[in-house]
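Each chain, written out:
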Amino acid sequence: MTTPHATPAPPTHVEIDGVPAADPELLAALMSGYGHFTAMQVRDGRVKGLGLHLERLDRSTRELFDEELPGDRVRALLARAVTNSGRRDCSARVYVHEGVRLSVVVREPAPDGPGAPQRLMSVGYLRPAPHIKHLGGFGQSYHGEAARRAGYDDALLTSPDGDISEGAVTNIAFWDGSSVVWPSAPCLTGITMALLEPLLGSVRRPVSLADLGGYRAAFVTNSRGIAPVSGIDTVDLTVDEELMKRVYSAYDSVEWDALREARQEP
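Residues numbered from 1 in each chain as written. Predicted model: local features only at pLDDT ≥ 70, side-chain atom pairs only at ≥ 80, totals over all residues. Heavy atoms only, no water.

## Some points on the overall build of the protein
For step 1, the next point in the chain: Each helix and strand in the protein was counted, giving 6 helices and 16 strands.
For step 2, the next point in the chain: For the protein, the spread of C-alpha atoms along the three principal axes comes to 80 × 55 × 35 Å.
For step 3, the next point in the chain: Split into buried and exposed, the 266 residues of the protein put 44% on the buried side.
For step 4, the next point in the chain: Across the protein, contacts joining residues at least 24 apart in sequence account for 63% of those joining residues at least 6 apart.
For step 5, the next point in the chain: Looking at the protein as shown, the accessible area adds up to about 14500 Å², and 52% of this sits on carbon and sulfur atoms.
For step 6, the next point in the chain: Positive and negative side-chain charges of the protein, numbering 27 and 35 respectively, have mean locations separated by a distance of 4 Å. (Helix = DSSP H or I, 4+ residues; strand = E, 2+ residues; numbered from the N terminus. Buried < 20%, exposed > 50% of the residue type's maximum accessible area, 1.4 Å probe, protein only. Contact = heavy atoms within 4.5 Å. Areas by Shrake-Rupley, 256 points an atom, 1.4 Å probe, with all protein chains shown as cover. Lys, Arg positive; Asp, Glu negative; His and termini not counted. Charge placed at Lys NZ, Arg CZ, Asp CG, Glu CD.)

Here it is in structure tokens:
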């Protein structure tokens, strides 16, 4: 008895404004919302904390897709995209999608130097799987936009009990007069935070909204830079110039890593 052959499923078909996509499988992966990324500043083909970026990309790829992501592959694709963009200085993002397909986005660089003081609005929201810089950050964007509409610069994410975790797109640290304190609630350890933490003699411990009166200052960090915090909700915080000078100096001391590895002489 002959077994009939199964009819193969038709390939994925995607149209954009009525025009079929050139690579529908890739576009479907990009649109799925399942994946992760890293963001960085590039100056003259160099990145601070490049090894930390590559390590985090590999770690998250193993967790989400059960595959490794060699750092050499990331460096090559990133260096190529930066070169092809025609920019010596830029902001760059590396996205990892289903099937471990990588996309690189290169844009204008963030301004160098200290950021403007930020006033934050607390919201009761914690990111899912906060240790991963994952795609699909609707909650962060929603609360961040709500904060800006309310006259703040961004949102500060907290637990229902008021334990502070992180900013919508930043890490936050507090100054108690003797130590730099990073909240110990689950959050993404950003690359800028990871670079600064050991240089500032930092500690991690719980910080709640109710504790704000016990802190003298605060600052936020992300891939675009570092900025002091001037207030959270109705609590005003001092912009401590000496603290910020120390933080900026620590970050400036971090070496820049070349995207392209130096060629070995024969």
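Here the narrative resumes, following the displayed structure.
## Description of unusual backbone geometry
For step 1, the next point in the chain: Backbone geometry at D66 places phi at a positive 60°, although glycine is not the residue there.
For step 2, the next point in the chain: Mapped onto the secondary structure, D66 falls in the loop between α2 (50-65) and α3 (71-85).
For step 3, the next point in the chain: Residue classification places D66 among the exposed residues on the basis of a relative accessible area of 70%.
For step 4, the next point in the chain: Backbone geometry places A129, a non-glycine residue, at a positive phi of 40°.
For step 5, the next point in the chain: Tracing the chain through its elements places A129 in the loop between β7 (118-124) and α4 (138-149).

## Section: the packing of aromatic side chains
Aromatic rings in a pair are described by how distant their centres are and how their planes are angled relative to each other.
For step 1, the next point in the chain: According to the stated counting rule, one finds 5 aromatic pairs in the structure shown.
For step 2, the next point in the chain: Here the aromatic rings of W182 and F219 are separated by 5.8 Å at their centres, their planes lie at 85°, and the arrangement is edge-to-face. Of this pair, W182 sits in strand β11 (residues 180-183) while F219 is found in strand β13 (residues 217-222), placing the two residues 37 residues apart along the sequence. Each member of the pair W182 and F219 is classed as buried. (Phe/Tyr/Trp six-rings, centres within 6.5 Å; stacked < 30°, edge-to-face > 60°.)

## A word on the nonpolar core
For step 1, the next point in the chain: Ranked by size, the top nonpolar core spans 23 residues in total, and within it V42 and L259 carry the most contacts.
For step 2, the next point in the chain: When residues of this core are traced back to their parent elements, those giving at least two are β3 (35-43), α2, α3, β5 (89-97) and β6 (101-107).
For step 3, the next point in the chain: Sequence-distant contacts of V42, defined by excluding residues within four places in its chain, comprise V47, V82, R88, D89, C90, A92 and L259. (Core = buried A, V, L, I, M, F, W, Y, C linked by side-chain atoms within 4.5 Å.)

## Overview of the pattern of salt bridges
For step 1, the next point in the chain: If you walk through the whole model with that rule in mind, you get 14 salt bridges.
For step 2, the next point in the chain: A salt bridge links E145 to R149; the nearest nitrogen and oxygen atoms lie 3.4 Å apart. Here the residue E145 and the residue R149 both occupy positions in helix α4, the gap between them amounting to 4 residues, near one helical turn.
For step 3, the next point in the chain: Its relative accessible area of 35% is what places E145 among the partly exposed residues.
For step 4, the next point in the chain: A salt bridge links R148 to D154, with the shortest nitrogen-to-oxygen separation between them at 3.6 Å.
For step 5, the next point in the chain: What makes R148 partly exposed here is its relative accessible area of 39%. (Salt bridge = Lys/Arg side-chain N within 4 Å of Asp/Glu carboxyl O.)

## Observations regarding the packing of α2 against α3
For step 1, the next point in the chain: Between α2 and α3, the least distance of the axes is 10 Å, while the angle of their chain directions is 120°. Helix-helix and strand crossings are classified by hand; for α2 and α3 the assignment is right-handed. Contact residues: α2 offers L50, L54 and L57, while α3 offers G71, V74 and R75.
For step 2, the next point in the chain: Looking at the contact of α2 with α3 residue by residue, the classes come out as 4 nonpolar, 1 polar and 1 charged. (Axes fitted to C-alpha atoms, helices over the stretch in contact; angles between N-to-C directions. Left-handed = near helix turned anticlockwise from the far one by under 90°. Nonpolar A, V, L, I, M, F, W, Y, C, P; charged D, E, K, R; others polar.)

## Quick word on helix α1 (residues 24-31)
For step 1, the next point in the chain: Buried within α1 we find P24, L27 and A29.
For step 2, the next point in the chain: Where α1 ends, the next residue or the one after it, G33, has phi of about 80°, a positive value.

## What to know about the pairing of β5
For step 1, the next point in the chain: Buried residues dominate β5, accounting for 7 of its 9 residues.
For step 2, the next point in the chain: Bridge count for β3 against β5 is 9 bridges, and the pairing is antiparallel. Considered in β5, the bridge of T38 is made with V94.
For step 3, the next point in the chain: Both β5 and β6 contribute to a ladder of 7 bridges, which runs antiparallel. Of the residues in β6, the one forming a bridge with S91 is R107.
For step 4, the next point in the chain: Linkage of β5 to β6, two consecutive antiparallel strands, is achieved through a turn of 3 residues, within which G99 is found at a positive phi near 80°. (Pairing = 2+ DSSP bridges.)

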